[in-house]
Amino acid sequence: ARYRLTNGEIMHGFNWQSIRQLKAHRPGADPSNWAHRICVHTINIQHDGVNMGVCGHACGHGFYYYYGSVEEALPACTRGKLGEWGEGWAEACRGGIYHSAF
(Lines give C-alpha, C1' and ligand atoms only; values in the text may rest on other atoms or scores of the structure.)
Protein backbone atom coordinates (compact mmCIF):
# COMPACT_ATOMS: atom_id res chain seq x y z
CA ALA A 1 0.00 0.00 0.00
CA ARG A 2 1.21 3.45 -0.80
CA TYR A 3 -0.12 4.95 2.45
CA ARG A 4 -0.30 2.96 5.62
CA LEU A 5 0.22 3.30 9.34
CA THR A 6 3.62 1.73 9.94
CA ASN A 7 3.92 2.66 13.60
CA GLY A 8 2.07 4.47 16.33
CA GLU A 9 3.62 7.88 15.68
CA ILE A 10 1.01 8.97 13.14
CA MET A 11 -1.91 7.81 15.26
CA HIS A 12 -0.25 9.33 18.32
CA GLY A 13 0.10 12.76 16.73
CA PHE A 14 -3.36 12.79 15.18
CA ASN A 15 -5.16 11.82 18.39
CA TRP A 16 -3.19 14.18 20.57
CA GLN A 17 -3.63 17.22 18.34
CA SER A 18 -7.21 16.60 17.22
CA ILE A 19 -8.43 16.28 20.82
CA ARG A 20 -6.47 19.38 21.82
CA GLN A 21 -8.03 21.28 18.91
CA LEU A 22 -11.60 20.36 19.89
CA LYS A 23 -11.58 23.02 22.57
CA ALA A 24 -10.93 25.79 20.05
CA HIS A 25 -12.99 24.50 17.15
CA ARG A 26 -15.90 22.71 18.83
CA PRO A 27 -16.47 24.36 22.21
CA GLY A 28 -18.54 22.17 24.49
CA ALA A 29 -17.72 18.96 22.61
CA ASP A 30 -16.88 16.01 24.86
CA PRO A 31 -13.34 14.87 24.01
CA SER A 32 -14.16 11.38 25.33
CA ASN A 33 -16.71 10.94 22.56
CA TRP A 34 -14.12 11.95 19.98
CA ALA A 35 -11.56 9.58 21.51
CA HIS A 36 -14.03 6.72 21.23
CA ARG A 37 -14.77 7.60 17.63
CA ILE A 38 -11.13 7.56 16.58
CA CYS A 39 -9.94 4.63 18.71
CA VAL A 40 -12.80 2.15 18.32
CA HIS A 41 -11.25 1.04 15.04
CA THR A 42 -8.02 0.00 16.77
CA ILE A 43 -9.87 -2.85 18.47
CA ASN A 44 -10.13 -4.66 15.14
CA ILE A 45 -6.64 -3.88 13.85
CA GLN A 46 -4.58 -5.84 16.33
CA HIS A 47 -5.87 -7.94 19.19
CA ASP A 48 -2.78 -7.90 21.42
CA GLY A 49 -3.63 -4.38 22.58
CA VAL A 50 -0.67 -2.53 21.09
CA ASN A 51 -2.63 -0.28 18.74
CA MET A 52 -5.36 0.34 21.28
CA GLY A 53 -2.73 1.13 23.92
CA VAL A 54 -1.03 3.66 21.64
CA CYS A 55 -4.41 5.15 20.82
CA GLY A 56 -5.28 5.44 24.53
CA HIS A 57 -1.91 6.93 25.45
CA ALA A 58 -2.22 9.52 22.69
CA CYS A 59 -5.74 10.42 23.81
CA GLY A 60 -4.39 10.92 27.31
CA HIS A 61 -2.00 13.53 25.93
CA GLY A 62 -4.92 15.19 24.17
CA PHE A 63 -7.12 15.15 27.29
CA TYR A 64 -4.39 16.84 29.30
CA TYR A 65 -3.99 19.64 26.77
CA TYR A 66 -7.75 19.95 26.33
CA TYR A 67 -8.41 20.41 30.06
CA GLY A 68 -5.08 21.86 31.19
CA SER A 69 -4.93 19.85 34.41
CA VAL A 70 -4.42 16.27 35.50
CA GLU A 71 -7.45 16.37 37.80
CA GLU A 72 -9.84 17.38 35.03
CA ALA A 73 -8.30 15.12 32.39
CA LEU A 74 -8.30 11.82 34.30
CA PRO A 75 -12.09 11.25 34.29
CA ALA A 76 -12.13 11.61 30.49
CA CYS A 77 -10.25 8.28 30.20
CA THR A 78 -13.26 6.33 31.45
CA ARG A 79 -16.20 8.58 30.59
CA GLY A 80 -18.96 7.24 28.36
CA LYS A 81 -18.13 4.33 26.09
CA LEU A 82 -14.43 4.56 26.99
CA GLY A 83 -15.34 3.09 30.38
CA GLU A 84 -16.27 -0.17 28.65
CA TRP A 85 -12.72 -0.71 27.35
CA GLY A 86 -11.25 -1.85 30.64
CA GLU A 87 -8.23 -1.14 32.76
CA GLY A 88 -5.69 -1.57 29.95
CA TRP A 89 -7.24 1.32 28.03
CA ALA A 90 -7.58 3.47 31.15
CA GLU A 91 -3.99 2.82 32.20
CA ALA A 92 -2.63 3.76 28.76
CA CYS A 93 -4.79 6.89 28.75
CA ARG A 94 -3.69 7.94 32.24
CA GLY A 95 -0.09 7.36 31.20
CA GLY A 96 -0.53 9.87 28.37
CA ILE A 97 -1.97 12.43 30.78
CA TYR A 98 0.91 12.09 33.24
CA HIS A 99 3.45 12.01 30.43
CA SER A 100 2.21 15.42 29.25
CA ALA A 101 1.89 16.90 32.71
CA PHE A 102 5.28 15.88 34.03
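The rules we used
Residues numbered from 1 in each chain as written. Predicted model: local features only at pLDDT ≥ 70, side-chain atom pairs only at ≥ 80, totals over all residues. Heavy atoms only, no water. Phe/Tyr/Trp six-rings, centres within 6.5 Å; stacked < 30°, edge-to-face > 60°. Helix = DSSP H or I, 4+ residues; strand = E, 2+ residues; numbered from the N terminus. Buried < 20%, exposed > 50% of the residue type's maximum accessible area, 1.4 Å probe, protein only. Lys NZ or Arg CZ within 6 Å of the ring centre and 35° of its normal. Axes fitted to C-alpha atoms, helices over the stretch in contact; angles between N-to-C directions. Parallel < 35°, antiparallel > 145°, perpendicular 65-115°, else oblique. Left-handed = near helix turned anticlockwise from the far one by under 90°. Contact = heavy atoms within 4.5 Å. Salt bridge = Lys/Arg side-chain N within 4 Å of Asp/Glu carboxyl O.

Colleague: So what exactly am I meant to see when it comes to the packing of aromatic side chains here?
Modeller: Note on aromatic pairs: each is described by the distance of the centres and the angle between the planes. Taken as a whole, this structure holds six aromatic pairs when the rule is applied. Considering the side-chain rings of Trp-16 and Tyr-65, the 5.8 Å spacing of their centres and the 10 degrees angle between planes classify their relative orientation as stacked. Separated by 49 residues along the polypeptide, Trp-16 in helix H1 (residues 8–25) and Tyr-65 in helix H3 (residues 50–67) bring together distant segments of the chain. Among the residues examined, Trp-16 registers a relative accessible area of 24% and is labelled partly exposed. When its relative accessible area of 38% is taken as the criterion, Tyr-65 is described as partly exposed. When the ring of Trp-85 is compared with that of Trp-89, the centres are 4.9 Å apart and the planes differ by 80 degrees; the resulting orientation is edge-to-face. Considered together, Trp-85 and Trp-89 belong to a single accessibility category, that of buried residues. Cluster of aromatic residues (ring-pair linked, three or more members): Trp-16, Tyr-64 and Tyr-65. Above the ring of Tyr-66, the side-chain terminus of Lys-23 is found at 5.7 Å from the ring centroid.

Colleague: Would you explain the packing of H1 against helix H2 (residues 31–39) in this entry?
Modeller: For any two helices packed against each other, the geometry comes down to the angle between their axes and how far apart the axes lie. Contact geometry of H1 with H2 gives a least axis separation of 10 Å together with a crossing angle of 150 degrees. Considered as vectors, H1 and H2 are oriented roughly antiparallel to each other. Here H1 and H2 pass one another in a crossing that is right-handed. Taking contact as the criterion, the partners of Phe-14, Asn-15, Ser-18, Ile-19 and Leu-22 in H1 are, on H2, Pro-31, Trp-34, Ala-35, Ile-38 and Cys-39.

Colleague: Looking at this structure, how should I read the pattern of salt bridges?
Modeller: Opposite charge on two side chains lets them pair, provided their charged atoms get close. Tallying each qualifying case throughout the model produces two salt bridges. Between Arg-79 and Asp-30 there is a salt bridge, with its nearest N and O atoms 3.2 Å apart. One end of the pair, Arg-79, is in the loop between helix H4 (70–73) and helix H5 (86–101); the other, Asp-30, is in the loop between H1 and H2, and 49 residues separate them in sequence. Overall, the relative accessible area of 26% leaves Asp-30 in the partly exposed class.

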